[in-house]
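# Analysis of the macromolecular model
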Amino acid sequence: MPTVLITGANRGLGLEFTKIYAENKWKVIACCRTPEKASVLKQIKTEFDSQIIIFKMDICNQKDIDDFCNKNRTTTIDLLINNAGVQFENYGSAAYESMGEDPNPANYDYEMWAETMKINLFAPTKLTGHLTPMLERSDNAKVIMLSSGIASLENTWQAGRYAYKTSKAALNMVVRTLGEWLQTKKIATFAVSPGWTRTDMGGPNAPHHSRTAVVGLYKVILEADFANTGSFYNFDGKKIPW
Ligand SMILES: NC(=O)c1ccc[n+]([C@@H]2O[C@H](COP(=O)([O-])OP(=O)(O)OC[C@H]3O[C@@H](n4cnc5c(N)ncnc54)[C@H](OP(=O)(O)O)[C@@H]3O)[C@@H](O)[C@H]2O)c1
């Protein structure tokens, strides 16, 4: 039974990833910040029993990462889905209320931008490094970075929301740089976009359900092969220009 580790597995796309991999007979290490509050995830676990392991992990907390690594010295991870992420500039958020869509960088919230970089860029990159020994034990290891269509430099020409867009564009560059190092270890690395999806982050007006995004991404990830390491895929399987 192959093993997938998913970050931010308690809600949204991470929860949907947990379900689809468990349904397809994967062992799922479902990581989340506060397992005691992850009631839906715990409910899903009752259906799949020991196939799902819930692990407490704030991806920015080195102690949580060390704890996982210390308890999993001989574990093999076949697939790492770096899903956890934030968009503090969402409609209705505190940052949105104070800045709105103001595109003037003189008025931008740079603390929020730094925090976004920490969570969306530094944490998944660092976590991947710590989990590399576990990925190296797999014959077909893949690392997935949850990116976004609006991280595409070629497709995006729109002021504002600097934090989220730059964090995901930089994450794409991690795929093209860290990816080359992982390639030498026979680990493939991909950026993927779920498209605009109805979750807490995507909001209620997004065109599709998280199940639609994850069904598409499950197929994309399954078919993404080592020869194409370093690619950026949409959930419908089409390549997205960088
Ligand atoms: N929804 C969209 O339209 C869309 C589009 C493009 C890309 N994406 C990307 O897809 C991924 C999932 O998005 P989503 O829509 O499912 O978002 P979501 O519903 O807001 O869920 C975000 C998840 O990330 C977790 N998280 C945030 N900070 C964390 C941290 N420091 N440590 C561990 N977990 C943390 C949250 O945990 P808590 O519950 O503890 O906060 C939650 O489980 C993100 O990377 C996002 O950027 C989403």
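For the structure itself, consult the block above.
Quick summary incoming for the structure in this document. Note that the structure is predicted; figures quoted are calculated from it, not measured.

Surrounding the ligand, one finds 28 residues, the nearest of these being Asn 10, Arg 11, Arg 33, Tyr 164 and Thr 199. Contact between the ligand and Leu 13: an oxygen atom at 2.8 Å from a main-chain N or O atom of the residue. For the ligand, an oxygen atom lies 2.8 Å from a polar atom in the backbone of Thr 197. Coverage of the ligand by the protein amounts to 93% of the 900 Å² it exposes when considered alone. Among the elements of the structure, helix H1 (12–23) and helix H6 (162–183) are those that each provide at least two residues to the shell around the ligand. Of the residues belonging to the shell around the ligand, the class tally is twelve nonpolar, eleven polar and five charged.

To continue, consider the environment of Met 99. Take Met 99: it is sitting in helix H4 (residues 94–99). Owing to a relative accessible area of 13%, Met 99 belongs among the buried residues under this scheme. As a C-alpha pair, Met 99 and Gly 216 span 117 residues in sequence and 34 Å in three-dimensional space. Aside from chain neighbours lying at most four places away, what touches Met 99 is Asn 107, Tyr 108, Asp 109 and Met 112.

For the coordinates displayed, the defined rule picks out ten salt bridges. One salt bridge connects Arg 11 with Asp 200, and the closest N-O pair in it is separated by 2.8 Å. Here Asp 200 lies in the loop between strand S7 (197–198) and strand S8 (208–209) and Arg 11 lies in the loop between strand S1 (3–6) and H1, a separation of 189 residues in the sequence. Take Arg 11: its relative accessible area is 47%, and that puts it in the partly exposed class. Residue Asp 200 is classed as exposed on the basis of its relative accessible area of 58%. When salt bridges that share partners are traced, they join Glu 16, Lys 19, Glu 23 and Arg 211 into one network.

Now for helix H5 (residues 110–136). Between its first and last C-alpha, H5 extends 37 Å over 27 residues, near the 39 Å set by a 1.5 Å rise per residue. Along H5, the sharpest change in direction is near 45° and occurs at His 130; proline Pro 133 comes one to four residues later. If you check the start of H5, you find a side-chain oxygen 3.2 Å away from the backbone N of Glu 111, and it comes from Asp 109.

For the rest of this paragraph, the subject is the nonpolar core. Counting residues in hydrophobic clusters, the biggest one holds 40 residues, and the most contacted among them are Leu 5, Phe 68, Leu 131 and Leu 135. Contributions of two or more residues to this core are made by strand S2 (27–32), helix H3 (62–71), H4, H5, strand S5 (142–146) and H6. In terms of residues, this core owes the most to one element, H5, which gives ten residues. Leu 131 has contacts with Leu 5, Phe 68, Cys 69, Ile 77 and Leu 80, leaving out every residue within four places of it along the chain.

Calculation rules
- The numbering scheme is per chain: residues are counted from 1 as the chain's sequence reads.
- Totals for whole chains, interfaces and linings use every residue, but because this is a predicted model, local features are given only for residues with pLDDT of at least 70 and side-chain atom pairs only at 80 or more, for both listing and counting.
- Side-chain measures here rest on the full set of heavy atoms in the structure, leaving out hydrogens and waters.
- Residues are labelled near a given molecule or strand when at least one of their non-hydrogen atoms is within 4 Å of it.
- In protein, a polar contact means a hydrogen-donor-capable atom and an acceptor-capable atom, both N or O and within 3.5 Å, with residues adjacent in sequence counting only if both atoms are side-chain atoms; elsewhere, any N or O pair within 3.5 Å suffices.
- In these tables, accessible area is a Shrake-Rupley quantity obtained with a 1.4 Å probe, and a residue counts as shielded only by the protein chains included in the view.
- The numbering of helices and of strands both runs from the N terminus, where a helix is a DSSP run of H or I of at least 4 residues and a strand a run of E of at least 2.
- Put simply, Ala, Val, Leu, Ile, Met, Phe, Trp, Tyr, Cys and Pro go in the nonpolar bin, Asp, Glu, Lys and Arg in the charged bin, and everything else, Gly too, in the polar bin.
- Each residue is placed in one exposure class: buried if its accessible area under a 1.4 Å probe, protein chains only, is under 20% of its type's maximum, exposed if it is over 50%, and partly exposed if it falls in between.
- Note on definitions: a residue-residue contact is assigned when non-hydrogen atoms from the two residues lie within 4.5 Å.
- Whenever a carboxyl oxygen of Asp or Glu lies within 4 Å of a side-chain nitrogen of Lys or Arg, that contact is scored as a salt bridge.
- Working rule for helices: expected span equals 1.5 Å times residues minus one.
- To get the bend at a given residue, fit one axis to the seven residues ending there, fit another to the seven starting there, and take the angle between those axes.
- Nonpolar cores are built from buried Ala, Val, Leu, Ile, Met, Phe, Trp, Tyr and Cys residues. Side-chain atoms within 4.5 Å join them into one set.

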